[in-house]
Amino acid sequence: MEKFSYIGKDMKRIDTASKSTGEALFAADLALPRMLVGKILRSPHAHARIVAIDASRAEKLPGVKAVLTARDTCGDKWGVFKYTQDQQFLPTEKVRYVGEEVAAVAAVDEDTALEALSLIDVAYEPLPAVFTIEDALSPGAPQLHDVYPNNINIHVHINVGDVEKGFAGSHLVREDTFAAPEDSYFQGEPYAVAAQFDHAGNLEIWMPNAGPHLKSKPLSNVLKIPLNKVRVRKITIGGAFGGRSEISPADVICAFLAKKTQRPVKIVYTREENTVCTRQAHSMIARIKTGVDREGRVVARDITCHMDGGAYSSTGPIATSVPFLCMEQAYRMENVRYNGYRVLTNKPIRGMFRTHGRAFACGVDIQLDRLGEALGIDPLTMRLRNARQTGDTTPTKSYVASCGLTETIEKTAKRSRWAEKFGKLPPYHGIGIGCNSVQTGFPMGIRGGSQAFIKLNEDGGVTVITGIVDNGQGNDHMIVQIAAEELGLTPDDIQLITADTEVTPSDPGSYSMCETFIGGNAVRLAAQDVKKKLFRIVAEEFGVGEEDLSAKNRKIFVTKNPEQSISITKAVRMALTRNESISGEGSYWPNVDWKREWVKNPYGQLSETFSFGTVICEVKVDPETGQVEVLEVTASQDVGYALNPKVIEGQFEGGVAMGGQGGMLTEYLQWHEGRVLTPTQLGYLVPLAIDMPKINDIIVETIDPKGPYGAKEAGMSVAMSAAQAYCGAISNAVGIYFHEYPITPDKILKAIEEKKKGDRKE
Amino acid sequence: MSEMKKTAITLNVNNETHDIIAYPNKTLLEALRDDLRLTGTKESCGEGVCGSCTVLLDGAPVRSCLTLAVAVQGKKITTIEGLRVGEKLHPVQEAFVNHHAIQCGFCSPGMILTAYALLKENPTPTETEIRRAISGNICRCTGYAKIVEAIKSLAEEGK
Ligand code: FES
Ligand code: FES
C-alpha cells in the first residue's frame with residue numbers, strides 16, 4: 001500500500017474552481033444592505049503641520065453620513081512593537097508623507113463621497129522634508145519624529161567572532177557598495193475593507209490580510225472593545241507577498257465610519273492608493289566588506305546597510321534584520337559584523353516584502369563572484385565552498401536541523417549545464433547564480449503558535465477550524481490535504497472554517513512563511529487527536545491495540561488484516577451513542593528562543609527550520625539597445641518535503657517573475673520630491689507573459705525532522721535568490737559587475753560604453 | 001455631475017437582458033459590478049493596463065473599465081459568470097483549475113476570458129501566440145508558466 005493517499009501528490013486545489021467562475025468573493029465584491037461608500041482624504045504635502053481641519057461644508061452635503069477626523073480616533077498610535085508605536089491612524093499634529101490619511105467620509109455613493117472630500121478644508125503649514133537616506137542623516141536635517149534622533153528609526157547591531165582579526169588573516173579582501181530603489185508589492189487585488197457593527201457593538205470586518213489575528217488585536221485596542229467583539233472574517237485574498245500583515249489605517253477608518261453611521265461601510269483603494277498608501281519595499285544601500293582565504297572560503301564579513309523606511313516604523317526591526325539573517329543562514333560566515341540602519345524619510349511607509357533586500361542579497365552574491373574571479377574560482381565553486389550545511393549553527397545562534405543548499409546548487413547547475421556554459425558562452429551571453437535562505441516563522445510572542453480544532457459530523461465528514469489564512473498560495477488546500485491524509489478521509493469530506501477571529505483560534509499568520517510549518521503541524525496534531533479517539537473505540541470493538549489500526553479510504557482497519565475494518569461513519573456513530581467526545585484539538589508552539597529580540601538581543605534560535613534555494617539564469621544582452629533577453633531560468637529549493645509539488649512549482653515560477661524578471665530588470669518606483677510618479681501598472685513594469693523565460697523547477701527534499709511530513713515552506717528561497725542569478729548573468733554577459741539595481745537598459749549601455757572606453761576595467 | 005442626465009441603458013449580459021438607469025459616463029465595469037452585481041469581473045488598475053476587467057463583447061475581449069455601458073447596448077456581453085454551462089465548468093475553466101493556473105485568483109476571470117477568446121479564434125495557438133494573447137493580462141502570482149500550460153493543453157486538444 002502506498003504510504004500516503006494525498007500528501008506529496010499533485011492535487012488540484014480545492015479553492016480554485018470557485019475562483020475560475022467569479023464565485024469567490026474578494027473584499028471589494030461585498031455588498032451589504034444600506035452599505036455606504038467610504039473615501040479617505042490624503043495629504044498633498046510630504047511634511048506639514050496640520051493647523052486646522054474644517055469639515056462643516058462636507059458634513060452639510062446631502063448624502064454624506066459621516067465625516068471622520070483625528071478627533072474621532074483620539075490620536076491613538078499604532079506600532080508592531082512597544083518601542084515602535086509612532087503611527088496615528090489619523091494624525092493630529094503633522095503629516096509625514098504625500099498620501100497620508102487626514103480625514104475620511106462615508107456617503108451614499110462614490111460621487112458624493114469624492115465631492116465631500118473636496119469640501120473638507122485643511123490648513124497646513126508646510127515643513128522642510130527629506131527624501132533620501134543621505135539627506136535624512138545629514139546634520140541639521142528636518143526631523144520626522146522626536147523619538148528617533150537623526151531620523152534613525154532602528155539600528156540592528158550584530159557582532160560575532162573577531163571580524164578585524166578575520167580580515168587580517170584573509171588572503172583577499174574586497175569592499176563594495178550596492179544599491180536599489182524602492183519596489184512595490186503590486187498585489188493583483190487593490191486593498192479594500194468592509195465593516196459593520198451590530199446592535200450589541202460587535203464589529204464584523206473583511207479585508208485582505210496575512211493573519212486575521214494580527215488585525216483583530218490592534219482593532220480591539222483602538223476601538224476600545226474586547227477581542228471577542230472584533231470579528232475579522234474570512235475573505236478571498238488577492239495576494240499579500242509579505243504585505244497586508246499589519247493593521248491599515250483604512251481598517252480603523254472603515255470601522256469608525258461604520259460605528260458612527262451604524263451602517264455597513266466599504267472602502268476600496270484605487271491602484272494608486274494601493275501602491276502609495278499601503279506599504280512599499282525599502283530602498284537600500286549596502287556596503288559589504290568580505291575577506292576570503294585562498295580557496296574562496298569567507299573568513300570575515302562586515303556589512304553596513306541603510307534602508308529607507310519612509311515615514312513610520314511599520315515592521316522596521318524585522319525588515320532591518322531579515323536581509324542579513326537570510327544570508328547568514330545561506331552562507332557560512334564565522335566572523336561577522338552587521339550594522340543595519342532603518343532611516344526615516346518623508347516618503348510612504350515600507351514593510352516586509354517577499355523579495356526584501358535585492359541590493360543586499362545581490363551584494364553578497366555578486367561580491368562572491370568578484371572574489372572568485374580574482375582567485376580564479378568560478379561562482380559555482382564559490383557557492384559550494386561557502387554553503388550552509390545540516391547541523392551547522394548560524395552566527396546568530398540558530399541550529400540548522402536540515403539543509404539541502406548544496407543539493408540545490410548541484411542540481412540547478414547540472415540542469416542548466418553550468419559547466420558547459422560558464423566562461424564558454426559567446427559574447428554578450430551570460431550565466432549567473434544566486435542562493436538564499438528563508439525562515440519559517442520568528443519568535444512572535446503570544447501569537448507565535450497555532451491551534452486547530454476538528455469537529456466531526458455523524459456521517460464521518462469533518463470541519464477543520466484554524467486561523468491559517470490563504471493569501472493565494474494554497475494554504476487552504478494544504479489544510480485539507482493534511483486532514484484528509486491523517487483521518488483517512490477524502491478531500492470532499494473536509495470542510496474548512498479558517499481565518500475568522502470569531503471562531504478560529506490563535507495563529508501567527510502567513511507573512512513569515514510559517515503556515516506550513518506551524519499551522520500545518522497544528523492541523524496534523526488535531527487530526528491525530530481525532531484519530532486517537534476513534535481508534536480507542538474501534539480497538540475495543542475489535543479487541544486489538546490502538547497501535548494496530550490504520551485509517552484510509554474512509555475506513556478504520558487492522559493494519560495487518562485490512563479485511564477487518566469499520567467505516568469511519570460507523571465509528572463516529574458508535575462514539576456518539578457512547579457519549580464520547582471525538583472532537584480534535586491540536587496546538588503547535590515552535591521551538592525558538594523566545595528571548596531573542598530583533599534589536600536588544602539578536603541571538604538565539606530564530607526559527608525552527610529554514611528553507612534554502614538556488615537559481616541559475618542565462619541571458620543574452622543586446623549591446624545596441626541594452627535589452628536583456630532571458631533565455632532560461634532554473635530554480636530549485638529545499639522545501640523539506642513537497643506536500644503538493646505543482647503548488648510548489650507555481651511558487652517558484654511566481655518567485656522568479658517577481659524577484660528576478662521584475663526585481664532585476666524593470667521594477668522600481670520613480671519619484672519627484674516624495675511623490676510617486678509611477679504608481680500604476682502603466683509606469684511600474686510588472687512582468688508580462690511574453691517577457692517570461694522558460695523556467696525549470698527542481699524540488700529538493702530533506703525531510704525536516706519537525707516539519708509536517710518533513711515540509712518547511714514552499715518557494716520563498718527561490719524568490720529571494722532570483723535577483724542575484726539575473727544580476728550575475730547580466731554581469732557575466734557584459735563583463736562588468738553591476739552594483740545598482742534594477743539593471744535597466746540605460747545602465748547596461750553605459751557600462752558597455754565605459755568598458756569600451758576603458759574607464760571601467762573588470 | 002449635476003448637469004449630466006441619467007438615462008436608461010439596456011444591456012444583454014450572459015443572454016439575459018438588464019435595464020439600468022445610469023449616467024452616460026458609467027463604465028461597463030461599474031454597471032456589471034455595481035448595478036448587476038456580477039462581481040466576477042475585477043478591477044485592478046481602472047485604466048486599461050491590467051486586463052482584470054476583461055469581458056467579451058460579441059465574443060471579442062474588451063476592457064470593461066475603458067468601455068462605456070451606453071456604448072455597448074445591443075451587443076452580446078459575456079462575463080466570467082456566463083462561461084460555465086450549468087453545474088459544469090467550461091473546459092477553459094477546468095484547464096486552469098487542473099493545471100494550477102490559479103493562485104490568488106484575482107486575474108483569473110479576465111485571463112480565462114482572454115484565453116477563451118483566443119481559442120475560439122485560433123484553436124491551435126503556438127506557445128508564442130498564447131503568450132502574446134495573454135500579455136494584456138497581468139498576473140502577479142504565477143509567473144504565467146502554468147497559465148500557458150493550461151491554455152496549451154486545450155490547444156493540443158484542438159489539434
Ligand atoms: S481594470 Fe481594466 S484593464 Fe485594469
Ligand atoms: S493568480 Fe494572483 S494575480 Fe494571477
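Basis of the calculations
- Residues numbered from 1 in each chain as written.
- Chains lettered and ligands numbered in written order.
- Predicted model: local features only at pLDDT ≥ 70, side-chain atom pairs only at ≥ 80, totals over all residues.
- Heavy atoms only, no water.
- Helix = DSSP H or I, 4+ residues; strand = E, 2+ residues; numbered from the N terminus.
- Rg over C-alpha atoms; globule rule 2.2 N^0.38 Å.
- Areas by Shrake-Rupley, 256 points an atom, 1.4 Å probe, with all protein chains shown as cover.
- Lys, Arg positive; Asp, Glu negative; His and termini not counted.
- Charge placed at Lys NZ, Arg CZ, Asp CG, Glu CD.
- Buried < 20%, exposed > 50% of the residue type's maximum accessible area, 1.4 Å probe, protein only.
- Contact = heavy atoms within 4.5 Å.
- Buried area = accessible area lost by both parts, 1.4 Å probe.
- Salt bridge = Lys/Arg side-chain N within 4 Å of Asp/Glu carboxyl O.
- Polar contact = N/O pair within 3.5 Å; in protein donor to acceptor, adjacent residues only side chain to side chain.
- Pairing = 2+ DSSP bridges.
- Phe/Tyr/Trp six-rings, centres within 6.5 Å; stacked < 30°, edge-to-face > 60°.
- Domains from an automatic or database assignment.
- Patch = residues over 30% accessible without salt bridge, like charges linked within 9 Å, V, L, I, M, F, W, Y side chains within 5 Å.
- Axes fitted to C-alpha atoms, helices over the stretch in contact; angles between N-to-C directions.
- Parallel < 35°, antiparallel > 145°, perpendicular 65-115°, else oblique.
- Left-handed = near helix turned anticlockwise from the far one by under 90°.
- Nonpolar A, V, L, I, M, F, W, Y, C, P; charged D, E, K, R; others polar.
- Core = buried A, V, L, I, M, F, W, Y, C linked by side-chain atoms within 4.5 Å.

A. Up close: the overall build of chain A. When helices and strands are counted, chain A shows 21 helices and 30 strands. In terms of overall dimensions, chain A is globule-like: its C-alpha atoms have a radius of gyration of 27 Å, near the 27 Å expected for 762 residues. Referenced to the eigenvectors of the C-alpha coordinate spread, the extents of chain A come out at roughly 85 × 75 × 50 Å. For chain A, the exposed surface amounts to about 26600 Å²; the carbon and sulfur share of it is 50%. Taken as two groups, the 86 positive and 94 negative side-chain charges of chain A have centres that lie 2 Å from each other.

B. Just the overall build of chain B, in detail. In terms of regular secondary structure, chain B is built from five helices and five strands. When the helices and strands of chain B are read in sequence order from the N terminus, they spell out β-β-α-β-β-β-α-α-α-α. For chain B, the C-alpha radius of gyration of 16 Å lies close to 15 Å, the compact-globule estimate for 159 residues. Judged by the C-alpha coordinates and their principal axes, chain B covers about 55 × 30 × 25 Å. With 159 residues in all, chain B has 57% of them scored as buried. If you take every contact in chain B between residues at least 6 apart in sequence, the share linking residues at least 24 apart comes to 53%. Put simply, chain B shows about 6700 Å² of open surface, and 48% of that area lies on carbon and sulfur atoms.

C. Quick look at the interface of chain A and chain B. Of the residues lining the interface, 58 residues belong to chain A; the matching set on chain B comes to 41 residues. Taken over both partners, the interface formed by chain A and chain B buries close to 3700 Å², and the fraction arising from carbon and sulfur atoms is 55%. Summed over the shared surface of chain A and chain B, the result is five salt bridges. Among the salt bridges present, the one from K146 of chain B reaches E653 of chain A, with a minimum N-O distance of 2.9 Å. On the surface where chain A and chain B come into contact, there are 24 residue pairs in polar contact (both at pLDDT 80 or more). For the side of chain A that touches chain B, the secondary-structure elements that each account for two or more residues are α1 (16-20) and α18 (645-666) of chain A. With nine residues, the single largest contributor to the side of chain A that touches chain B is α18 of chain A.

D. Highlighting the pairing of strand β26 (residues 610-621) of chain A. All names here are of chain A. Most of β26 is tucked away, with eleven of its twelve residues classed as buried. Judged from the eleven bridges that link them, strand β18 (residues 429-439) and β26 form a sheet pairing that is antiparallel. In the sheet register, Q439 faces β26, and the bridge partner there is F610. Summarising the sheet, β26 and strand β27 (residues 628-640) pair through ten bridges and their orientation is antiparallel. Opposite G613, over in β27, you have Q637 as the bridge partner. Hairpin geometry of β26 and β27 is characterised by an intervening segment of six residues between the two adjacent antiparallel strands and by a positive phi of about 75° at G626.

E. Structural view of the packing of aromatic side chains. All names here are of chain A. Tallied over the full model, the rule gives 13 aromatic pairs over all chains. Ring plane angle 70° and centroid distance 4.9 Å describe the contact between Y185 and F353, whose orientation is recorded as edge-to-face. Here F353 lies in the loop between β17 (335-344) and α11 (358-375) and Y185 lies in the loop between β10 (172-180) and β11 (192-197), a separation of 168 residues in the sequence. Ring centres of Y338 and F360 lie 6.0 Å apart, and the angle between their planes is 75°; on these two criteria the pair is classed as edge-to-face.

F. Quick look at the domain arrangement of chain B. Residue and element names in this part refer to chain B. With domains assigned, chain B is organised as domain 1 (7-82) and domain 2 (91-157). In this structure, domain 1 and domain 2 have C-alpha centres spaced 21 Å apart. Domain 1 puts 17 residues into the contact, and the matching count from domain 2 is twelve residues. For the interface between domain 1 and domain 2, the tally reads zero salt bridges. Put simply, domain 1 and domain 2 have four residue pairs in polar contact (both at pLDDT 80 or more) between them.

G. Quick look at a negative patch on the surface. Taken together, the side chains of D109, D111 and E115 of chain A together with E30, D34 and E43 of chain B define an acidic patch exposed on the protein surface. Owing to a relative accessible area of 30%, E30 of chain B belongs among the partly exposed residues under this scheme.

H. Representation of the packing of α11 of chain A against helix α20 (residues 722-734) of chain A in the model. Residue and element names in this part refer to chain A. Where α11 meets α20, the closest approach of the two axes is 9 Å, and the angle between their N-to-C directions is 45°. Looking at the two axes, α11 sits oblique to α20. Judged by the sense of rotation from one axis to the other, the crossing of α11 with α20 is right-handed. Listed contacts from α20 to R358, A361, C362, D365, I366 and D369 of α11 are A723, Q724, C727, G728 and S731. Of the residues in the contact of α11 with α20, the class split is five nonpolar, three polar and three charged.

I. Spotlight on the pattern of salt bridges. Residues and elements named next belong to chain A. Applying the stated criterion across every chain yields a total of 53 salt bridges over all chains. Across the pair E164 and R337 runs a salt bridge, and its minimum N-O distance is 2.6 Å. Taken together, the residues span a long stretch of sequence, with E164 in helix α6 (residues 163-168) and R337 in strand β17 at a distance of 173 residues. For E164, a relative accessible area of 44% puts it in the partly exposed group. Taking relative accessible area as the criterion, R337 reaches 18% and is therefore assigned buried. A salt bridge links D251 to K215; the shortest N-O distance between them is 2.8 Å. Placement of the pair is D251 in helix α8 (residues 249-261) and K215 in helix α7 (residues 212-223), with a sequence separation of 36 residues. Of the two residues, D251 and K215, neither departs from the other in class, the shared state being buried.

J. Focus on the sheet that holds strand β1 (residues 36-42) of chain A. Residue and element names in this part refer to chain A. An order of β3-β7-β1-β14-β11-β12-β13 is seen for the seven strands of this open sheet, with the pairing classed as mixed. Of all the strands in the sheet, just β3 (64-68) and β13 (230-232) have a single pairing partner and so form its edges. Sheet twist, expressed as the mean angle between neighbouring strand axes with direction ignored, is 20°. As defined by bridge partners, β1 adjoins strand β7 (residues 101-107) across six bridges and the pair is classed as antiparallel. Directly across from G38, in β7, lies its bridge partner A106. Strands β1, β3 and β7 of the sheet are contacted by helix α4 (residues 110-118), whose axis makes an angle of about 25° with β1. Here α7 sits on the sheet in contact with β11, β12 (203-206) and β13, set at roughly 150° to β13.

K. View of the nonpolar core. Judged by nonpolar contacts, the single largest core of 231 residues is most densely connected at L203, L219, F360, I556, I730 and Y741 of chain A together with F96 of chain B. The greatest single-element share of this core, amounting to 13 residues, is contributed by helix α16 (residues 515-542) of chain A. Residues in contact with Y741 of chain A, not counting those within four places in the same chain, are F178, A179, A180, P181, R358, A359, C362, I366, M664, C727 and K747 of chain A. A31, L32, A69 and I77 of chain B belong to the second-largest nonpolar core, a separate cluster that totals 15 residues.

L. Layout of the domain arrangement of chain A. Residue and element names in this part refer to chain A. We note that the domain assignment places domain 1 (35-127 + 189-238 + 244-277), domain 2 (283-443 + 596-757) and domain 3 (444-588) within chain A. Between the C-alpha centres of domain 1 and domain 2 there is a distance of 36 Å. Listed per partner, the contact involves 19 residues of domain 1 and 24 residues of domain 2. Each partner contributes to the roughly 1800 Å² buried at the junction of domain 1 and domain 2, and carbon and sulfur atoms together form 60% of this total. By the criterion of area lost to domain 2, the three top residues of domain 1 are F81, Y83 and Y97, representing 26% of everything that side buries.

M. Structural detail: the sheet that holds β26 of chain A. All names here are of chain A. Taken together, four strands build an open sheet; the order of strands is β18-β26-β27-β30 and the sheet is mixed. Each of the sheet's edge strands pairs with one partner strand only, and the pair in question is β18 and β30 (694-701). Shown here is a sheet whose adjacent strand axes are inclined to one another by a mean of 15°, direction ignored. Set on the sheet, α20 makes contact with β18, β26 and β27; between it and β18 the angle comes to about 160°.

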